[in-house]
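Structural overview for review
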Amino acid sequence: MKVQNKSFQPEGIRQTQLIDQLGRTVDYIRLSITDRCDFRCVYCMAEEMTFLPREEVLSLEECARLVKIFVYLGVSKVRITGGEPLVRKNALWLFEDIGKLSGLKELVLTTNGSQLEKQAQDLRNAGVKRINISVDSLDAIRFKKITRTGDLDKVLSGIQAAKLAGFENIKLNTVLMRNFNDDETESLVDFAIKQAIDISFIEEMPLGEINHDRESTCVSNADTLKRLQSKYRLTPSTQSTGGPARYWQVANTITKIGFISPHSHNFCEACNRVRITCKGELYLCLGQENKIDLMPLLRNHPSNDQPLIDAILASMQIKPKGHDFDLRRAQPSVIRFMSHTGG
Ligand code: SAM
Ligand code: SF4
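Below or above, wherever it landed, is the structure these notes cover. (Residues numbered from 1 in each chain as written. Chains lettered and ligands numbered in written order. Predicted model: local features only at pLDDT ≥ 70, side-chain atom pairs only at ≥ 80, totals over all residues. Heavy atoms only, no water.)

1. Observations regarding the nonpolar core
Residues Phe70, Ile80, Phe95, Ile133, Phe167, Leu172 and Ile257 are the most contacted members of the largest nonpolar core, which totals 94 residues. Broken down by element, this core gets its largest block of residues, 9 residues, from helix α1 (residues 60-72). Apart from the residues lying within four places of it in its own chain, the contact partners of Ile80 are Leu31, Ile33, Pro85, Leu94, Phe95, Ile98, Leu107, Val108, Leu109 and Thr110. (Core = buried A, V, L, I, M, F, W, Y, C linked by side-chain atoms within 4.5 Å. Buried < 20%, exposed > 50% of the residue type's maximum accessible area, 1.4 Å probe, protein only. Helix = DSSP H or I, 4+ residues; strand = E, 2+ residues; numbered from the N terminus. Contact = heavy atoms within 4.5 Å.)

2. Focus: the sheet that holds strand β10 (residues 273-276)
With mixed pairing, the 12 strands of this open sheet are ordered in space as β7-β8-β9-β6-β5-β4-β3-β2-β1-β10-β11-β12. Two strands in the sheet have a free side with no partner beyond their single neighbour: β7 (234-236) and β12 (291-293). Ignoring which end each strand starts from, the neighbouring axes of this sheet average 25 degrees apart. Sheet topology places strand β8 (residues 245-250) next to strand β9 (residues 256-260); 5 bridges connect them, and they run antiparallel. Within β9, the position partnered with Trp248 by the bridge is Ile257. (Pairing = 2+ DSSP bridges. Axes fitted to C-alpha atoms, helices over the stretch in contact; angles between N-to-C directions.)

3. Let's talk about unusual backbone geometry
Here the phi dihedral of Ala196 falls at roughly 55 degrees; this positive angle occurs in a residue that is not glycine. Along the chain, the position of Ala196 falls in the loop between α6 (185-195) and β6 (198-202). Residue Ala196 is classed as partly exposed on the basis of its relative accessible area, which comes to 40%.

4. Things to note about the packing of α1 against helix α10 (residues 306-315)
Relative orientation of the contacting elements α1 and α10 amounts to 60 degrees, with a least axis distance of 11 Å. In terms of their interaxial angle, α1 and α10 are classed as oblique. Judged by the twist between their axes, the crossing of α1 over α10 is right-handed. Residues Arg65, Leu66, Ile69, Phe70 and Tyr72 of α1 touch α10, and the partners they reach there are Leu308, Ile309 and Ile312. (Parallel < 35°, antiparallel > 145°, perpendicular 65-115°, else oblique. Left-handed = near helix turned anticlockwise from the far one by under 90°.)

5. Considerations on the site of ligand 1
Surveying the vicinity of ligand 1 reveals 19 residues, the closest of which are Tyr43, Gly83, Glu84, Ser134 and Met205. In this structure, a nitrogen atom belonging to ligand 1 sits 3.2 Å away from a side-chain N or O atom of Glu84. Thr111 places a main-chain nitrogen or oxygen 3.2 Å from an oxygen atom of ligand 1. Here ligand 1, which alone exposes 540 Å², has 96% of that area covered by the protein. Here the shell around ligand 1 is composed, by residue class, of 6 nonpolar, 9 polar and 4 charged. (Near = heavy atom within 4 Å. Polar contact = N/O pair within 3.5 Å; in protein donor to acceptor, adjacent residues only side chain to side chain. Areas by Shrake-Rupley, 256 points an atom, 1.4 Å probe, with all protein chains shown as cover. Nonpolar A, V, L, I, M, F, W, Y, C, P; charged D, E, K, R; others polar.)

This is the structure we're talking about:
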């Protein structure tokens, strides 16, 4: 399929913005480019996963086409995620193709870090500005227990490679789970301070069917903040991403600590994002089922972007007010895995 060039402008189409029924402007997309991963983190995947057949997954050209359309519709920030985006063959091609799009101010990546030692510099050169690396433990045995297949040394080498590559910002993402890794809260922060990078703590979200009781493992960010405040001097940062993260500056360091707290509804009013799965489903909210399927439009109209543009604009009318995650429910709020939707 032919992909439009970098000065992409659909012809005869009025430029328009993505504004939902509540007046929220959507200027941020998260695009999952694969459901596959080399890890099987306990909170994210089942041990035995069946992945999608290749033909049901967006090609990289289709991913690039979608990004260009969203950028045309006013999106200025794109996060590439997965699954593990860097295990997708030729993923670098996509970063290079979209990295220089005028209008795209921030191309960012979420990765488990396993491939970064090899790819960090190329990604930086392609235009990736910032990078989030997921690390839940600094103990190799425990890291393996949480990720089931991960090698901590590889990820630590990946973090060093990312530092050398010169990203504008590197942030660790940590999901804290009671009696799994919550005793490492301070050592993870100390590590971030030593590396002069940021760290965010993510509350575990009830996505997908996995076999541990989330109500008993979920650590509230309010408790984590209280715990950290007794060791570090933290001042609230004004940084806001329009999402669920709130940041605190650690005094006398350049490290910021973020708290991603999906269980508080506070962030939904300012939500500026939508998610696209590797199957081309456009989800209007991480915690709700409202979606439209972009794959048939992509494949039925290979050289006409108007049907896609119309569908994406119309989808703004079904963006929900907010999620309704509830850890006390026996069933997960949303059956799909995070690796499917893209974290
Ligand atoms: N594989 C990459 C990684 O691990 O960074 C990108 C995809 S992963 C789905 C994105 C983020 O989602 C990771 O930081 C991961 O810790 C987080 N995540 C996955 N499942 C989650 C869950 N049930 N609750 C909260 N965060 C989750
Ligand atoms: Fe893979 Fe990321 Fe999910 Fe872990 S959190 S299983 S690394 S997609």
